Amino acid sequence: MTNGHYDLIIIGTGAGGGTLARKLAPSGKKILILERGDYVKREPDNWNSRAVNVEGKYNTKEVWYDRDGKPLHPHTNYNVGGNTKFYGAALFRMRERDFGELKHYDGISPAWPITYDELEPFYTQAEQMYEVHGNRGEDPTEPWASAPYAAAAVSHEPRISELAEDFAAAGVRPFHVPLGIRLKENDRKSICVRCATCDGFPCLLNAKSDSQVCGVDHATERPNVTLLTNAKVTRLETDATGRSVSSVVVEREGRIESYSASIVVLSAGAINSAALLLRSANERHPNGLANSSDQVGRNYMGHVNSVLLAVSKCPNPTVFQKTLGVNDFYFGTPDFPFPMGHISFVGKLDGVTLSAGAPKITPGFTLEMMARHSLDFWLTTEDLPRPENRVTLNKQGDIVLDYTPNNLEPHKRLQAKLKELMKSQRACKMHGHECHQGLFSRNLYLGQQIPLAGVAHQNGTVRFGDDPATSVLDRNCKAHDLDNLYVVDGGFFPSSSAVNPALTIMANALRVGRHILERLG
């Protein structure tokens, strides 16, 4: 017995599911959205660094495991809007060359079954939907675009503006990072107040362009759309032929419920979507749903990411720091002809946040002092798909994440390039001394690679492609093995590029949404 039949069921409300819901809502079709979490409670702790970064108040308490069976506490969130409620809202298009085969230091990044030109109109739509601020033409690697950004770039604060000038004088081309925040500068009615608690925090003002605010909230205004929260999908069941998902099994408020739909769209995040398909094994799909290729869960990628703090004598009073990026080393340099990746910023770190993973420091050099004097960089290098890097389940049905980082040498080179750039800083106009002569007579660089539990950029576990023997999904992100199952989270990525995946997930959801609308008629 089913608890209801719908034209469409969307599982998950993150970058893919929330975007798709808004795209399909005007169709009038009967749509059910299932979210395992609830709305993030609006409360002062939304902006409390200790609650968010040290105590992990909003993180899932679910336990995963690494390859050795050791507990893993994933830095992920189950709530309406998914991880976009906590993201830094840097919304990049992948580079045009990222869609083709690329030779890296550690191997080959495979080509996508679609081209940049095919996705471009949907990038433009996503930038409008998520109110992305930016300036075309500044980023030397930026692909062509059919329209301007939705709004002008977010301005640099003085310290970041000086850094941009210094970088330009050193021969690179810094640019304004494209950001999805609901900011109107110099307008007292602006929803966004340009605070220090954006990157990694839920926005108390709903001023971040996340998939709840820009996707789900729009969709649920329509009477044909139903959202069920605290509704954890535990299994997908198929009909007798094994070619169609016949029911979606849900745990909600202590009850087991079952729903059905003509089309089911999975968007639970690359890791959880793969896990759900594996948990849904049955007689027709003994190795997991949609897994005749044995690719479900394989090829997990999450980027090689690190945070690098450059601490100097020059204070950094910046509040909203995440406005500057450098991509000059993205595809390599004459002295290292392999892609290295992307440099930008994280939100301004404070002493409380640093205490969560504080390095050993010189006595008397407090964390607060470090935070006041640091520039907090975020570096991303593309990792490559490896079949042995994968999501599996243990005997209890818990998630096991087996991942060995690769392509590490380019990341080390990228860090070295940043350090060289920092040596080129001129005298600080704000404080009248040379920034590069730091508290330790030179810059102190503190770097930390993001650990396995940092799964914010998860992708690649159910990759799409034209060959059913080597991919899980077709070019429309429909499972090769099933007629009515689609996936629109980051799992579809065949390669990870070296920019944040969110905008590509959003754009692809709009592309798949057009296909689904045509199919529904």
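These numbers were taken from a predicted model, which means no experiment stands behind them.

*Asks:* Hey, could you run me through the packing of helix 1 (residues 15-24) against helix 10 (residues 502-520) in this one?
*Replies:* Packed helices, taken two at a time, are described by the angle their axes make and the gap between the axes. Direction vectors running N to C along helix 1 and helix 10 enclose 40°, while the axes themselves pass 8 Å from each other. Our classification of the angle between helix 1 and helix 10 gives oblique. You can see that helix 1 and helix 10 cross each other, and the crossing is right-handed. Residues Ala15, Gly16, Thr19, Leu20, Lys23 and Leu24 of helix 1 lie in contact with helix 10, whose contacting residues are Ala502, Ile505, Met506, Ala509, Leu510, Gly513, Arg514, Ile516 and Leu517.

*Asks:* Explain the environment of Gly81 here, please?
*Replies:* Tracing the sequence through the fold places Gly81 in the loop between strand 4 (71-72) and strand 5 (102-104). Gly81 sits in the buried class, given a relative accessible area of 0%. Distance from Gly81 to Tyr39, taken between C-alpha atoms, is 8.0 Å for residues 42 residues apart in sequence. Leaving out residues up to four positions away in the same chain, Gly81 has contacts with Thr13, Gly14, Ser211 and Gln212.

*Asks:* Explanation requested: the packing of aromatic side chains in the structure shown.
*Replies:* How two aromatic rings sit relative to each other is given by the distance of their centres and the angle of their planes. Scanning the model with the defined rule gives 18 aromatic pairs in all. Ring centres of Phe336 and Phe338 lie 5.5 Å apart, and the angle between their planes is 65°; on these two criteria the pair is classed as edge-to-face. Ring pairs connect the aromatic residues Phe99, Trp112, Tyr116, Tyr123, Trp144, Phe464, Phe492 and Phe493, which therefore count as one cluster. The residue whose ring lies beneath Lys30 is Tyr6, and the NZ or CZ to ring-centre distance is 4.8 Å. Note that Arg136 overlies the ring of Tyr149, its terminal NZ or CZ placed 3.8 Å from the centroid.

*Asks:* Just checking my understanding: could you explain the pattern of salt bridges for this structure?
*Replies:* Note on pairing: side chains with opposite charge can pair once their charged atoms come close. Per the counting criterion, the structure on display carries 28 salt bridges. Three or more residues are tied together by salt bridges with common partners; here these are Arg93, Glu120, Glu127, Arg136 and Glu142.

Cut-offs and rules
Throughout, residues of each chain are indexed from 1 in the direction in which the sequence is written. Local features in a predicted model are, by the rule used here, given only for residues with pLDDT of at least 70; side-chain atom pairs are given and counted only at 80 or more, and totals for whole chains, interfaces and linings are based on all residues. Hydrogen atoms and water are omitted, and side-chain values are computed over all heavy atoms in the structure. Structural elements are reduced to axes, namely lines fitted to C-alpha atoms, with helices fitted over the stretch in contact, and the angle between N-to-C directions of any two is expressed from 0 to 180 degrees. Comment: elements are numbered from the N terminus, with helices defined as DSSP H or I runs of at least four residues and strands as E runs of at least two. Oblique is the label for any angle not covered by the other classes, which are roughly parallel (under 35 degrees), roughly antiparallel (over 145) and roughly perpendicular (65 to 115). Here a crossing is called left-handed whenever its near helix is offset anticlockwise from the far helix by less than a right angle, and right-handed whenever the offset is clockwise. We call two residues in contact whenever any of their non-hydrogen atoms come within 4.5 Å of each other. We call a residue buried when its accessible area falls under 20% of the maximum for its residue type, exposed when it is over 50%, and partly exposed in between, using a 1.4 Å probe and counting protein chains only. Only Phe, Tyr and Trp rings take part, Trp by its six-membered ring, and two of them pair if their centres are within 6.5 Å. Stacked means planes under 30 degrees apart, edge-to-face means over 60, and tilted covers everything else. By the criterion adopted, a ring carries a charge over it if an Arg CZ or a Lys NZ lies within 6 Å of its centre and within 35 degrees of its normal. We define a salt bridge as a contact between a side-chain nitrogen of Lys or Arg and a carboxyl oxygen of Asp or Glu at a distance within 4 Å.

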